[in-house]
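Chain and residue survey
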There are 2 protein chains.
Amino acid sequence: MIFKSIIDKIKDSNKIAVLSHVMPDGDSIGSSLALYNALKKCGKDVRFILDDDIPRKYGFLKSSGEIQRPGQFESFDAVIVLDCGDTERLGNSSIYLNNNYVINIDHHMSNNKYGDLNMVNKDSAAAGELVYDLIKELDIVMDREISECLYTAIVTDTGQFQYSNTTSRTHLIIGDLINNGVNVSLMSERIYQNNSKEKTVLMNMALSSLEFFHNDVTSCISLTLEQMKEANASDEDSDGIINLARDIECVEVAIFLREVEPGVVKVGLRSKKKADVSAVAVLFGGGGHLHAAGCTLPGTVDEVKKKILDAVAEELNRGEL
Amino acid sequence: MIFKSIIDKIKDSNKIAVLSHVMPDGDSIGSSLALYNALKKCGKDVRFILDDDIPRKYGFLKSSGEIQRPGQFESFDAVIVLDCGDTERLGNSSIYLNNNYVINIDHHMSNNKYGDLNMVNKDSAAAGELVYDLIKELDIVMDREISECLYTAIVTDTGQFQYSNTTSRTHLIIGDLINNGVNVSLMSERIYQNNSKEKTVLMNMALSSLEFFHNDVTSCISLTLEQMKEANASDEDSDGIINLARDIECVEVAIFLREVEPGVVKVGLRSKKKADVSAVAVLFGGGGHLHAAGCTLPGTVDEVKKKILDAVAEELNRGEL
């Protein structure tokens, strides 16, 4: 029902804005550009409005150079918001929500249904899967460029098809996108084989700090502000570094401590099986999921490490994990 | 035709041996165990005979504890060889080929068709895809355990669905395996989130040696025999280390130098786009593919590095890459 209403509304609209969240990721970029390209292809007057820059590695996607910054309020026949659980995450782009007809398309369980039409499916691995359905139903030919956008959305939000959100249907969709001409090894090279030199330096620094605790069940790595500066690294460069500490066979809980300001440490937590790292993060005002969580604490790296290790030990003992 | 003959031969056989190559990988183990479990399930007297141990990380696969070592010659109604391009790669297990009826099932282009029946399909991403077809055609119910074996075969031989051998059909098969109960995040944890501690130490040592050449187009990492010893690491622990040098955005060619004996250096080479690293390896008596090759040279790490860097420079200049 909702799906059909959305299709009808898009068909009836000419001037359309596509919005997505700040700090864009592969799914927000990929799903938005797929829809933008598809709507443009069928003659709509469409804009893709985004607060932040598209990360450089997604620069190969078609129309990635055509994003617009949010400016003054403007009327649209429809504003389509993708991959965005609440309107705060839109940043300045939220200016286009009031007095426009809003279609909210998302896969986050926490989505608070802020749209006039809401298509929220938590069983979809990525917003890209929902946009795939829309483009199919709108009967727009899914060319290679659109398929590359959707592939990017899905491969990144499923962690290369390894996260638990990956379904049988995810693979059916990817199979179809490959039939449309997506070159998977080229996509992999563009998306995954392109760490910055700075990130590689951080990886080395982080590995040098690796320590084990609780009979090797807990691993911990850290980076100081000084090291971040020495490596000339940005926050983005530290993404994924925690996996180095997690992907060790004996490890159940991995901790990544990163000094973000003098006396302020951001803590990343990962677990593999039963340890609930969100329970640890919540103790310090943070949050997350069973296997991935985070919080921010005052103190030196060593002080924060001690607090977090104690809390992790409690969590490990709780379940006798 | 061949496919039907193989199905008929398997149906007519009771005592069956499944063989695969030395230094087993995810595809040889996964495809062999899938077929072994399937044939056992329909009442055949089947053995899985293998020269080497199953890598520990595949120990969760059903029947992984039931492999047999090659011994004296024995008669079988059929000997099925999986994922093996030539009989030399069978090691001592090749003893079962003479005077037995041999079914050769493989996806390597170089396969020299040594079987009485040869099902060699270079378009299959993994031997696991061919075994999937066989089990389907044999009408054996593909339970979760068999599906996990096939998933392991395919996910590893496609590099998590990122290599160019990954096809639309690969994803259709994986979708089916998920429907059979495969838990992809659990599989990922078992197969990919379990580096040894020793490997993690090697990663740190290798990253500390990282250097760039040819305007940052070439990266080079190295490990000495002494470092391998210091890290208490095995050859297997160095698998995949070269990706640390390859996965940097500016890099086209990555070099990994590993001293394997005093005065002997094993060289791994990777490229992303047009540089042909097999052409470099061939200069020194090695071989490989466009994007992955290797060779072994006498000399110190520094001496070998110089030779390889010169040859890589030539290759980069050749194509004005």
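Residues numbered from 1 in each chain as written. Chains lettered and ligands numbered in written order. Predicted model: local features only at pLDDT ≥ 70, side-chain atom pairs only at ≥ 80, totals over all residues.

The next subject is the sheet that holds strand E2 (residues 45–49) of chain B. Residue and element names in this part refer to chain B. Spatially, the five strands line up as an open sheet ordered E2-E1-E3-E4-E5, and their pairing is parallel. Among the strands making up the open sheet, the edge pair consists of E2 and strand E5 (117–120). Direction aside, the axes of adjacent strands within the sheet are offset by 15° on average. Both strand E3 (residues 78–82) and strand E4 (residues 102–106) contribute to a ladder of four bridges, which runs parallel. Along E4, the bridge assignment pairs Leu-82 with Ile-105. Helix H1 (residues 2–12) rests against E3, E4 and E5 of the sheet, and its axis sits at about 125° to E5. With respect to the sheet, helix H3 (residues 127–137) is in contact with E3, E4 and E5, its orientation differing from that of E4 by roughly 120°. (Pairing = 2+ DSSP bridges. Helix = DSSP H or I, 4+ residues; strand = E, 2+ residues; numbered from the N terminus. Axes fitted to C-alpha atoms, helices over the stretch in contact; angles between N-to-C directions. Contact = placed C-beta atoms within 7 Å.)

Taken as rigid bodies, chain B and chain A are interconverted by a rotation of 180° and an axial shift of 0.0 Å, the fit giving an RMSD of 0.1 Å. Here the symmetry operator amounts to a two-fold rotation axis. (Least-squares fit on C-alpha atoms with pLDDT ≥ 70 in both.)

This brings us to the interface of chain B and chain A. Note on interface size: it is often stated as the accessible area lost on association of the parts. Facing 36 residues of chain B, the contacting portion of chain A comprises 36 residues. For the side of chain B that touches chain A, the secondary-structure elements that each account for two or more residues are helix H5 (168–179), helix H6 (184–192) and helix H7 (197–208) of chain B. When residues of the side of chain B that touches chain A are assigned to their parent elements, the largest contribution, seven residues, is made by H5 of chain B. A breakdown of the residues in the side of chain B that touches chain A according to their chemical character gives twelve nonpolar, 18 polar and six charged. (Nonpolar A, V, L, I, M, F, W, Y, C, P; charged D, E, K, R; others polar.)

Time to look at the environment of Leu-177 of chain B. Topologically, Leu-177 of chain B is positioned in helix H5. Separated by 164 residues in the primary sequence, Leu-177 of chain B and Ser-13 of chain B place their C-alpha atoms 27 Å from one another.

Residues and elements named next belong to chain A. Judged by pairing direction, the sheet is parallel, and its five strands sit side by side in the order E2-E1-E3-E4-E5 without closing on themselves. A strand with exactly one partner marks an edge of an open sheet, and here the two such strands are strand E2 (45–49) and strand E5 (117–120). Between one strand axis and the next, the sheet turns through 15° on average, direction left out of account. Bridging between strand E1 (residues 15–20) and strand E3 (residues 78–82) involves five bridges; their strand directions are parallel. Each bridged residue has a counterpart across the sheet, and for Val-18 the counterpart in E3 is Ile-80. Where helix H1 (residues 2–12) meets the sheet, its contacts fall on E3, strand E4 (102–106) and E5, and the angle it forms with E5 comes to roughly 125°. In this fold helix H3 (residues 127–137) packs onto E3, E4 and E5, with an angle of close to 120° to the strand it touches most, E4.

Further remarks concern the packing of helix H2 (residues 26–41) of chain A against H3 of chain A. Residues and elements named next belong to chain A. H3 packs onto H2 with a crossing angle of 15° between their chain directions and a minimal axis gap of 8 Å. Taken together, the axis directions place H2 and H3 in an arrangement best described as roughly parallel. When you trace H2 past H3, the crossing you get is left-handed. Side by side, H2 and H3 meet where Asp-27, Gly-30, Ser-31, Ala-34, Leu-35 and Ala-38 of the first sit next to Ala-127, Gly-128, Val-131, Leu-134 and Ile-135 of the second. For the contact of H2 with H3, a count of residues per class yields seven nonpolar, three polar and one charged. (Parallel < 35°, antiparallel > 145°, perpendicular 65-115°, else oblique. Left-handed = near helix turned anticlockwise from the far one by under 90°.)

Partitioning chain A into domains gives domain 1 (2–192) and domain 2 (197–318). One C-alpha centre belongs to domain 1 of chain A, the other to domain 2 of chain A, and the line joining them spans 31 Å. (Domains from an automatic or database assignment.)

Quick look at the packing of helix H2 (residues 26–41) of chain B against helix H4 (residues 144–157) of chain B now. Residues and elements named next belong to chain B. Running from amino to carboxyl end, H2 crosses H4 at an angle of 160°, the nearest separation of the two axes being 7 Å. Looking at the two axes, H2 sits roughly antiparallel to H4. Handedness of the crossing formed by H2 with H4: left-handed. When H2 is examined against H4, the residues Gly-26, Asp-27, Gly-30, Ser-31, Leu-33, Ala-34, Asn-37 and Ala-38 are found in contact with a partner set consisting of Glu-145, Ile-146, Cys-149, Leu-150, Thr-152, Ala-153, Thr-156 and Asp-157. When grouped by side-chain class, the residues that make up the contact of H2 with H4 number seven nonpolar, six polar and three charged.

Remember that side chains alternate between the two faces of the sheet whenever the strand is regular. All names here are of chain A. For E4, a buried count of five out of five residues is recorded, marking the element as mostly surrounded by other parts of the structure. Bridging between E4 and E5 involves four bridges; their strand directions are parallel. Bridged to Ile-105 within E5 is Met-119. (Buried ≥ 20, exposed ≤ 12 C-beta atoms within 10 Å, placed from the backbone.)

Residue and element names in this part refer to chain B. A large share of E2 lies buried, amounting to four of its five residues. Bridge count for strand E1 (residues 15–20) against E2 is five bridges, and the pairing is parallel. Note on E2: the bridge partner recorded for Leu-19 is Ile-49. Viewed along the sheet, the connection from E1 through H2 into E2 turns out right-handed. (Right-handed = clockwise from strand over helix to strand, strands pointing away.)

For the rest of this paragraph, the subject is unusual backbone geometry. All names here are of chain B. One non-glycine residue with positive phi stands out, namely Phe-161, at about 65°. Relative to the elements of secondary structure, Phe-161 occurs in the loop between H4 and H5. Backbone geometry at His-214 places phi at a positive 50°, although glycine is not the residue there. Along the chain, His-214 falls in the loop between strand E6 (211–213) and strand E7 (218–223).

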